[in-house]
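Observations on the model geometry
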Amino acid sequence: MSLSSGTITSQALQEWAQKMLAAGYKVIAPVATDSAVEYVEWKEGAIALDQGLPKLSPKAAWFPRAETVLKLRREGQKWIMEDPPMEFPQVVIFGARPCDAIAKEIQAVLFGWDFKDKFFEERSKKVFFVTMSCTKPVDAACFCTSVGVSPSGQGIGEVLLTPLGEGKFALTANNDKGEELIQLGANLEAAPKQLDEVWQNCDKAVPVKFSPEKVHEVLKGNFGDALWDKTSRGCQACGTCAFSCPVCHCFDLQDEMRGDHGVRQKNWDACTMPLFTLHTSGHNPRPNKASRWRQRINHKFYIYPEKFGKTLCTGCGRCIRLCPGGLDLLDTLQQIEKEEAQVSRPVAEMILNSPGIHAGEPEGSANIYRSFKMKVKEVIDETHDVRTLRLEFADPEEGNKFTHKVGQFGLYGALGEGESTFCIASSPERKGYIECTFRQAGRVTTALRQLEAGDELGFRGPYGNSFPTEQWKGKNIVFIGGGIGVAPVRSVLQYCLDTRDNYGQLTVLFGARTWADHCYKREMDEWRNTPNLKLHLCVDWKFGPNGPDRSRAAEEGWVPLASGQALGEKTTCFVPELITAANPSPENTVAVVCGPPIMINLAVKALEALGFSQDSIYATLENRMKCGLGKCGRCNVGPVYVCKEGPVFTADQLNSLPPDS
């Protein structure tokens, strides 16, 4: 099929848009309001093709502000989950500027990465662009040419409109769909002359203002730069920058109920908001404005290009125009460009021995946000606020197909309340069930704690990589856990006990604030009676006015750690001190560590002091996650998506990552 090209009058354009409506298309077009030009659903009236860039981008057409991804219904103890229909209208965004029309393809690489977001993909298939060339920049905030977007719009969208003056436009089909739209009845006149010259002038009108390649190199090595504090001071943490941006994709997943009916929905979110990465424990890897501003810029100009080969910015300038605090992205980028790039340590190659096993969405669904339905088989109280749930698949066939590897995680849903991320705390060798261990801390975990045997809940997973247990065969293993962080370590320990002949000496070093806070007490007799297994437990020192009181036991029977003293099973000390006192040999040995971030850091140092190499120490990161699929944007640590390349890392890999976890 040859593609049409011709000229068209502004009046004929309006008539063409009406023919699209008559053909069943939903038309979104720029319309002048009392205060601004906005993209709106158009029915009649003037389309504002020549009045500048609309205030907000049109991304809600393919990535809605709030989108239902699962329907929920409660019937007593039982839950019914249904996929919402994926029947979306055909949409034409008429007169979209190039910086808006290119946005969908930039986001598509993320939503189509590995796990396919069918909601995004099915909507995207039905969103088409009649792109409008920019003959001049809106203002000084425009910098599209700096990120590789052409103001002329050549090749962007299905049809390209180019203003020629005197109420006329060049109209060019870019593909077969564009030709189909033109054939609806665009009243074309003679082909335009010297269109290449017009396009060249469009591109020249927006000068290149910085080098994205130079910015990328500086960001790669200047993570801790003082620039972030200076340039972020005006941030209001309002999310205006993200919500007005054509390509920002971060979202939240929430369950909402009204009576016995509810939905799970994706809602726009923003990495500049304080709660975005806040852990239930209270730890926040991005605790201030500077760290969140740094993340926003790193994500757009370092992380996303490193991962997907595209800059997560179209240079539209909206975030600059609309920021109530006066933050200027372009000015910050120009400052970054002037800095000297630091020589950064390359991010260590991630362990991808298991990039994630998925047993298939329930009932053959293609919906990646839909849970498996599980039943609570048994409830085990570990401490006053920590509980283990033993879960079976409500559908035995799904249970028979399900498999996971040691160290993988899932999202456990108290249906109607939401989901929380925990490791699968049980061994894959123990068939017919999985277990999760969690501390009651927030809305979801409070709801999970209220579940009883026979109740139903949701589970999505398994996700992430795993511990390379095949590589460890014949080695000694040291298991180190602190507090609720013992759950991922226990899954590895269970697996090694289930395949005991494959491994040498096992040493278990678990700590908690008090004996009452220790988990898995019921299993400790099994551990004590296992050949070639040493068990050492500790509780924290009691704190006095001057810090830890190391002169006395925190609890009766828990001996204070003393120099030269033989280490028993019950000791008063901190976990890193317990490691030093246990003195495991690094010879042919690997260590598995999980706990609070500070405990992991100190435990790694204690192991290194004993001669352990960084590539023989393994940790698992429990970053806050909402999707578990590499989509929502929460778990980035530098260019790494913890839900995909993690959660298991060696100490060497952790040290190669920015301090953002």
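The notes below deal with the structure included here. (Residues numbered from 1 in each chain as written. Predicted model: local features only at pLDDT ≥ 70, side-chain atom pairs only at ≥ 80, totals over all residues. Heavy atoms only, no water.)

Some words on the packing of aromatic side chains
Under the definition given, this model contains 28 aromatic pairs. The interplanar angle of 70° and the centroid separation of 5.7 Å between the aromatic rings of tryptophan 62 and phenylalanine 129 together place this pair among those described as edge-to-face. With a gap of 67 residues between them, tryptophan 62 in the loop between strand S3 (37-41) and strand S4 (66-75) and phenylalanine 129 in strand S7 (residues 127-132) connect regions that are remote in the sequence. Since its relative accessible area comes to 2%, phenylalanine 129 is described here as buried. Between tryptophan 113 and phenylalanine 308, the ring centres sit 5.3 Å apart and the planes meet at 80°, which makes this aromatic pair edge-to-face. Here tryptophan 113, found in the loop between helix H3 (103-111) and helix H4 (118-125), pairs with phenylalanine 308, found in helix H10 (residues 289-308); they are 195 residues apart in sequence, far enough to count as distant. The same class applies to tryptophan 113 and to phenylalanine 308, which are both buried. What links up through ring pairs into an aromatic cluster is the set Phe63, Phe111, Phe119, Phe120, Phe243, Phe251, Trp268 and Tyr369. One Lys or Arg, lysine 59, reaches over the ring of tryptophan 268 and ends 4.7 Å from the middle of that ring. One Lys or Arg, lysine 521, reaches over the ring of tryptophan 515 and ends 5.0 Å from the middle of that ring. (Phe/Tyr/Trp six-rings, centres within 6.5 Å; stacked < 30°, edge-to-face > 60°. Helix = DSSP H or I, 4+ residues; strand = E, 2+ residues; numbered from the N terminus. Buried < 20%, exposed > 50% of the residue type's maximum accessible area, 1.4 Å probe, protein only. Lys NZ or Arg CZ within 6 Å of the ring centre and 35° of its normal.)

Regarding the sheet that holds strand S10 (residues 251-258)
Read across the open sheet, the four strands follow the order S5-S4-S11-S10; overall the sheet is antiparallel. Where the open sheet ends on each side, the last strands, each with one partner, are strand S5 (78-82) and S10. The average angle at which neighbouring strand axes cross in this sheet is 25°, direction not considered. Two strands pair when backbone bridges link them, and S4 and strand S11 (residues 261-268) are joined in this way by seven bridges, in the antiparallel orientation. (Pairing = 2+ DSSP bridges. Axes fitted to C-alpha atoms, helices over the stretch in contact; angles between N-to-C directions.)

Concerning the pattern of salt bridges
One pass over the structure, following the stated rule, counts 38 salt bridges. The partner of lysine 307 in a salt bridge is glutamate 645, and the shortest N-O contact between them spans 1.9 Å. Here the residue lysine 307 occupies a position in helix H10, and glutamate 645 occupies one in helix H19 (residues 642-645), the gap between them amounting to 338 residues. Taking relative accessible area as the criterion, lysine 307 reaches 26% and is therefore assigned partly exposed. When the shortest N-O distance is used, the salt bridge between arginine 490 and glutamate 435 registers 2.8 Å. Here glutamate 435 lies in strand S16 (residues 434-439) and arginine 490 lies in helix H15 (residues 486-498), a separation of 55 residues in the sequence. Because the salt bridges share partners, they merge into one network encompassing Glu67, Asp117, Arg123 and Lys266. (Salt bridge = Lys/Arg side-chain N within 4 Å of Asp/Glu carboxyl O.)

Considering unusual backbone geometry
A cis amide bond, omega 0°, links glycine 461 with the succeeding residue proline 462. Within the secondary structure, proline 462 is located in strand S17 (residues 456-463). The omega torsion of the bond from glycine 646 to proline 647 falls at 10°, within 30 degrees of zero and hence cis. We note that glutamine 194 has phi near 55°; this positive angle belongs to a residue other than glycine.

What to know about the environment of cysteine 436
By the element assignment, cysteine 436 lies in strand S16. Along the sequence, cysteine 436 and cysteine 423 sit 13 residues apart, while their C-alpha atoms lie 6.7 Å from each other. The contacts of cysteine 436, once residues within four sequence positions are left out, are Arg387, Thr388, Leu389, Tyr412, Phe422, Cys423 and Ala425. (Contact = heavy atoms within 4.5 Å.)

Section: the nonpolar core
Counting 102 residues, the largest nonpolar core has Ile93 and Phe301 as the members making the most contacts within it. With eight residues, H10 is the single largest residue contributor to this core. With residues near it in sequence (within four places) discarded, isoleucine 93 still touches Ile28, Tyr39, Pro58, Ala61, Trp62, Val127, Phe128, Phe129 and Val130. Core analysis: the next-biggest nonpolar cluster, separate from the first, contains 35 residues, Ile477, Val486, Leu535 and Trp558 among them. (Core = buried A, V, L, I, M, F, W, Y, C linked by side-chain atoms within 4.5 Å.)

As for the side chain of glutamate 382
With respect to the helices and strands, glutamate 382 occurs in the loop between strand S12 (372-381) and strand S13 (386-393). Although glutamate 382 lies buried, it forms no salt bridge, and the closest oppositely charged side chain, arginine 490, sits 5.3 Å away as judged by the N-O distance. Only 2.7 Å separates the side chain of glutamate 382 from the side chain of threonine 388, close enough to count as a polar contact. The contacts of glutamate 382, once residues within four sequence positions are left out, are Arg387, Thr388, Thr437, His518, Cys519, Tyr520 and Lys521. (Lys, Arg positive; Asp, Glu negative; His and termini not counted. Polar contact = N/O pair within 3.5 Å; in protein donor to acceptor, adjacent residues only side chain to side chain.)

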